[in-house]
Amino acid sequence: MNITFKEYYRKPLQYVLGILSVIYLCFICVYSVDQFDQGFIPSMIGRLQQGQEMYKDFDYIRPFFTLIFWDCLLKWIPSTSAYFILICRFLFVIQCFATTLIFQKLFFNKIRYEISFLFVICFIQTFPIMPWHTVDGIFFGAVSLYFYKRKWLLSTLVFLGITALTKQSFFVFSFGVFLFVCKDLFINRTLNKKDVVLSGSSLLLLIFAVFQYHIIENFVSFWNLVFNTSIASSFYDSSIAPYLFKSKWQSALLLGCLVAIYFVKIKKEIFEYIVLILFPVLILYPLLNNGMYVGINILFLFLVILFLKFSPDEKEVFFLLFLGWASTISWGANIPTFFVFILMIKFLEDKNRFFLGLWIISLSAFFLLRLKYPYFSESILSSRHVLTKDIPAVSGLLMSEKEYEYIIEAENLEKEYPNIIFLPGSPLLDVINGKYTNRASWEMDVEYPTWKTDLYKLNTNVFAVDEKRFTLLKDSFYKSTFTVEIMKKKRIIKKTKHFIVYGE
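Tell me about the overall build of the chain, and name the residues and values.
Scanning the chain from N- to C-terminus turns up 22 helices and six strands. The globule rule puts the C-alpha radius of gyration for 504 residues at 23 Å, and the 24 Å found for the chain is close to it. Within the chain, residue pairs in contact and separated by at least 24 positions form 74% of the contacts whose partners lie at least 6 positions apart. Carbon and sulfur atoms provide 65% of the accessible area of the chain, an area that totals close to 22300 Å².

A description of helix H3 (residues 65-73) should follow, citing residues and the corresponding values.
Counting buried positions over the nine residues of H3 gives seven, a clear majority of the element. Turning to H3, its buried residues number three or more, namely Phe 65, Thr 66, Leu 67, Ile 68, Phe 69, Trp 70 and Asp 71. At its buried positions, H3 is contacted by helix H2 (40-49), helix H4 (84-108), helix H6 (133-149), helix H7 (153-164) and helix H9 (193-212).

Explain the packing of H7 against helix H8 (residues 170-187) to me, and be specific about the residues and the numbers.
Here H7 crosses H8 at 165°, and the two axes come no closer than 9 Å. Between H7 and H8, the angle falls in the class roughly antiparallel. Judged by the twist between their axes, the crossing of H7 over H8 is left-handed. Every residue of H8 that contacts H7 at Leu 153, Thr 156, Leu 157, Leu 160, Thr 163 and Ala 164 is listed here: Phe 170, Phe 171, Phe 173, Ser 174, Val 177, Phe 178, Val 181, Asp 184 and Leu 185. Its residues assigned to classes, the contact of H7 with H8 comprises 11 nonpolar, three polar and one charged.

Give me the lowdown on the pattern of salt bridges, citing residues and values where you can.
If you walk through the whole model with that rule in mind, you get 17 salt bridges. The residue Arg 439 makes a salt bridge to Asp 59 at a minimum N-O spacing of 2.7 Å. Here Arg 439 is found in the loop between helix H19 (427-433) and helix H20 (451-457), whereas its partner Asp 59 is found in the loop between H2 and H3, with 380 residues between them in sequence. Note that Arg 62 is salt-bridged to Glu 447, the shortest N-O span being 2.6 Å.

Would you mind going over the nonpolar core in detail, with residue names and values included?
Counting 147 residues, the largest nonpolar core has Met 54, Phe 341 and Val 394 as the members making the most contacts within it. Top element by residues in this core is H4. It accounts for 12 residues. For Val 394, the contacting residues outside a window of four places in its chain are Ala 82, Ile 85, Thr 388, Met 399, Ile 407, Leu 428 and Ile 432.

I'd like a description of the environment of Pro 128, backed by residues and values.
Looking at the secondary structure, you find Pro 128 in the loop between helix H5 (113-124) and H6. For the pair Pro 128 and Asp 237, spaced 109 residues apart in the sequence, the C-alpha separation amounts to 24 Å. With residues near it in sequence (within four places) discarded, Pro 128 still touches Phe 92 and Tyr 375.

Break down the sheet that holds strand E6 (residues 500-503) for me, citing the residues and quoting the values.
One open sheet accounts for four strands, arranged E3-E4-E6-E5; its pairing is mixed. The outermost strands of the open sheet, each flanked by one partner alone, are strand E3 (420-423) and strand E5 (491-495). In this sheet, neighbouring strand axes are inclined to one another by 30° on average, regardless of whether the strands run parallel or antiparallel. With three bridges joining them, strand E4 (residues 462-465) and E6 adopt antiparallel strand pairing. Within the sheet, the bridge partner assigned to Phe 463 lies in E6 and is Tyr 502. Sheet contacts for helix H18 (residues 401-416): E3, E4, E5 and E6; angle to E3, the most-contacted strand, approximately 150°. Packed on one face of the sheet, helix H22 (residues 481-489) meets E3, E4, E5 and E6 and runs near 115° to E4.

Explain the packing of aromatic side chains to me, and be specific about the residues and the numbers.
Counted according to the given criterion, the structure contains 57 aromatic pairs. Seen from their ring centres, Phe 107 and Phe 119 are 6.3 Å apart, and the 90° between their planes marks the pair as edge-to-face. A residue pair is termed long-range when its members are at least 10 positions apart, and Phe 107 in helix H4 and Phe 119 in helix H5 qualify at 12 residues. A residue is classified by how much of its surface remains accessible, and Phe 107, at 7% relative accessible area, is buried. By the ring-pair criterion, three or more aromatic residues cluster together here, those being Phe 65, Phe 69, Trp 70, Phe 139, Phe 140, Tyr 146, Phe 147, Trp 152 and Phe 159. The lysine or arginine in question, Arg 150, covers the ring of Trp 152, its NZ or CZ lying 4.4 Å from the ring centre. Residue placement shows Lys 151 over the ring face of Tyr 148; its charged tip is 5.5 Å from the ring centre.

How each quantity is defined
Residues numbered from 1 in each chain as written. Predicted model: local features only at pLDDT ≥ 70, side-chain atom pairs only at ≥ 80, totals over all residues. Heavy atoms only, no water. Helix = DSSP H or I, 4+ residues; strand = E, 2+ residues; numbered from the N terminus. Rg over C-alpha atoms; globule rule 2.2 N^0.38 Å. Contact = heavy atoms within 4.5 Å. Areas by Shrake-Rupley, 256 points an atom, 1.4 Å probe, with all protein chains shown as cover. Buried < 20%, exposed > 50% of the residue type's maximum accessible area, 1.4 Å probe, protein only. Axes fitted to C-alpha atoms, helices over the stretch in contact; angles between N-to-C directions. Parallel < 35°, antiparallel > 145°, perpendicular 65-115°, else oblique. Left-handed = near helix turned anticlockwise from the far one by under 90°. Nonpolar A, V, L, I, M, F, W, Y, C, P; charged D, E, K, R; others polar. Salt bridge = Lys/Arg side-chain N within 4 Å of Asp/Glu carboxyl O. Core = buried A, V, L, I, M, F, W, Y, C linked by side-chain atoms within 4.5 Å. Pairing = 2+ DSSP bridges. Phe/Tyr/Trp six-rings, centres within 6.5 Å; stacked < 30°, edge-to-face > 60°. Lys NZ or Arg CZ within 6 Å of the ring centre and 35° of its normal.

Listed below in structure tokens is the structure:
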């Protein structure tokens, strides 16, 4: 690999861009907050810290390892401590950085300072800064591939198992790589001593964690929630359809073009310049499109063909493509943004003279995108922001005045009604208030399979409904029937700026 600057200006520019990259990564840890997803994993950790058991005491419809992982990372940091979310965000960025370091080892066999920053900036792109099961699956999947490259096959198997235990979509990845590992074990039956020690230790720790977190005791609940077919989307709709057009003839045309690209005799350099043009276009275009990417899935397929055509022997690249595809199997965002820009850089590794421009473009574009289109929040460019302090969990965050008022209003309602529950899904407010009364902090149907049971158990509770959010979600995949029933059965006892309070 030879991605580098010319010697006479490489180091000064490295230092400048490195400092700016560190400032950027710190800034995105502090900037903005959202009431939809931000508190999802932290609310689960808060429940565990209060002694609740997974699956038995609260609904979690994914395998358990993400919660174990983050509970261990945050073991000595109470969820109601002032800077809990800020700490979660810094740990998330560190995790992403570690993931991209592993990518470098897989791609290039060594780690370069300048590529590390470019990779982590492109990996995080505009994803909200928060713990997330998909990112955990990518991290542990990358670890398993690293061990596979080193021929530590037993450790590979253990970490493939851990990868599968973060999210159902990684089952297919873990099983696919498992077959390769089994083939290698059959061919070469000699084992590395360090591999045996590491795999044995990791497996023992995993078994200990399974018992420590009462997974075996609550296995029936675990199975019913994680493998609940009533809320699962079809495999085709979540894994294949996002990469095709709705029109069959357009999809056929796309596939035909991809096949033609594979067989046509064109020099790699031509495609390198095409990718070099697409890179800034795809990163900058969201600035003109309300922060939304376009064409990422098609580009992913294009990159698959390019690697098949020009790098058919780079097994690690295809394993990462496999991991990237598995990460998109979801009922939410089905686009491989975690991988696509990094894979473009990998394809361009011989175009070292353009590296500086890629770094500058990535850092500038993603910074502007985050400023202008923060995730489910208001931009600092259009509204006044405040740096919060003396608020449980969210101190130290730079948020809009509207979000600040929203949180303060919720805190005041919790003081007035200690048994209040915020609907239709405000996990961050649960973390701030330190109360987890019902079985899910996301009260949407797909995340709350046991809502009917809670509906009768919580008859005496007070409920605060964010009517704006309820209206936004009521006819969508993320609807909350629990909220609908509460609004039918209860009467309005109070109205505030952001909430309608229901009670007896």
